[in-house]
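# Analysis of the macromolecular model
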Amino acid sequence: TRPFVAHAFERNIEFLETVPRMVHITQEAYSRMWHFVDIADEEVGWLGTAYRLGGSVLIKEVFLLHQEVSGTRTEISTEGIARLSSELLSSREDGVDALDALRFWGHSHVRMGTSPSGQDDSQMDMFKDNGCTWFVRGILNKLGRMQFDIFLWDTGVMLRDVPWAIHPEVDYSEREDIESEIKEKVVSSPVVV
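Residues numbered from 1 in each chain as written. Predicted model: local features only at pLDDT ≥ 70, side-chain atom pairs only at ≥ 80, totals over all residues. Heavy atoms only, no water.

A cluster of like negative charges, contributed by D171, E174, E176 and D177, occupies part of the molecular surface. Within the secondary structure layout, E176 lies in helix α5 (residues 175-185). The exposure class assigned to E176 is exposed, which follows from its relative accessible area of 64%. (Patch = residues over 30% accessible without salt bridge, like charges linked within 9 Å, V, L, I, M, F, W, Y side chains within 5 Å. Areas by Shrake-Rupley, 256 points an atom, 1.4 Å probe, with all protein chains shown as cover. Salt bridge = Lys/Arg side-chain N within 4 Å of Asp/Glu carboxyl O. Lys, Arg positive; Asp, Glu negative; His and termini not counted. Charge placed at Lys NZ, Arg CZ, Asp CG, Glu CD. Helix = DSSP H or I, 4+ residues; strand = E, 2+ residues; numbered from the N terminus. Buried < 20%, exposed > 50% of the residue type's maximum accessible area, 1.4 Å probe, protein only.)

Structure (structure tokens):
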């Protein structure tokens, strides 16, 4: 037997369970984030609700926080989170559920790139230390770029710059009218054998 020789290794990762590899964003959340970035002349940050849906994460809502910012920094404060928590609990029936779903932090880098800074990484440590098993970070800029990173702390994995898309939503407000129209206009024909 010959001695073993190193070969050209193929680094592959195989996930043994469903891991989100895509970020979907509701149209409402996308629109609000675009306005946050467009209007603010300095960095600005927000939190949002995020839900795991098999191979993707859905960012459903985003909430602007009370915060102090500069041209190169935004930091989530415990006071800002406390005020948001109070608003959600007092104004919504699903306030507790919304608080439990706050697993997205987004912020603007104004006109700089969307690579995370050291402070951005430190901010993520805060969420990890608060007991979140997973979290999504979004960095956006006025140049039209959005970058999302998914942190899966329970498995020790971070997915950087994952693909994203606007989540298609169905408008259910029209359903009754459409059902009536179908009943009026669509007739089944008998099957002829």
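What the rule picks out here adds up to 8 salt bridges. Its salt-bridge partner being R175, residue E179 comes within 3.3 Å of it at the nearest N-O pair. Taken together, the residues span about one helical turn, with E179 and R175 both in helix α5 at a distance of 4 residues. On the basis of relative accessibility, which here comes to 49%, the residue R175 falls in the partly exposed class. Each member of the salt-bridge network shares a partner with another, and the members are D121, R137, D149 and R160.

It is worth spelling out the environment of D38 at this point. When you line up the elements, D38 lands in helix α1 (residues 27-39). Separated by 72 residues in the primary sequence, D38 and V110 have C-alpha atoms spaced 8.6 Å apart.

Let's shift gears to the pairing of strand β3 (residues 56-64). Counting buried residues in β3 gives 7 out of 9 residues, a clear majority hidden from the surface. Bridge analysis of strand β1 (residues 23-25) against β3 gives 3 bridges, and the strand direction is parallel. Bridge pairing in β3 places V23 opposite V57. The pairing of strand β2 (residues 45-53) with β3 spans 8 bridges and is classified as antiparallel. Following the sheet pairing, W46 is matched in β3 by L64. Here β2 hands over to β3 after 2 residues, with G54 in that stretch at a positive phi of 60 degrees. (Pairing = 2+ DSSP bridges.)

Quick look at the nonpolar core now. Ranked by internal contacts, the top residues of the largest apolar core, which has 24 residues, are W46, F104, V136 and F148. Put simply, the parts of the chain that give this core at least two residues each are β1, α1, β2, β3, β7 (134-140) and β8 (146-152). Excluding residues within four positions of it along the chain, V136 makes contact with V23, V57, I59, R103, F104, W105, F148, D149 and I150. (Core = buried A, V, L, I, M, F, W, Y, C linked by side-chain atoms within 4.5 Å. Contact = heavy atoms within 4.5 Å.)

Quick look at the confidence of the model for the chain now. On average, residues of the chain carry a pLDDT of 88, and 99% of them reach 70 or more. Per-residue pLDDT, averaged within each element of the chain, yields its smallest value for strand β5 (residues 73-74) (72) and its largest for β1 (96). (pLDDT = per-residue confidence, 0-100.)

The next thing to look at is the pairing of β2. In terms of strand pairing, β2 meets strand β6 (residues 102-108) through 5 bridges, oriented antiparallel. When the sheet's bridge partners are listed, T49 is paired in β6 with L102.

A separate point is the packing of aromatic side chains. One pass over the structure, following the stated rule, counts 6 aromatic pairs. Taken together, a centroid distance of 6.0 Å and an interplanar angle of 45 degrees make the contact between F104 and F148 tilted. Placement of the pair is F104 in strand β6 and F148 in strand β8, with a sequence separation of 44 residues. Comparing F104 with F148, the two get one shared label, buried. For the ring pair F151 and W153, a centre distance of 5.5 Å and an interplane angle of 35 degrees mean the geometry is tilted. The residues F151 and W153 share a single accessibility class, namely buried. What links up through ring pairs into an aromatic cluster is the set F127, F135, F151 and W153. (Phe/Tyr/Trp six-rings, centres within 6.5 Å; stacked < 30°, edge-to-face > 60°.)

Secondary-structure assignment places E61 in strand β3. There is a polar contact of 2.9 Å between the side chain of E61 and the side chain of R92. (Polar contact = N/O pair within 3.5 Å; in protein donor to acceptor, adjacent residues only side chain to side chain.)

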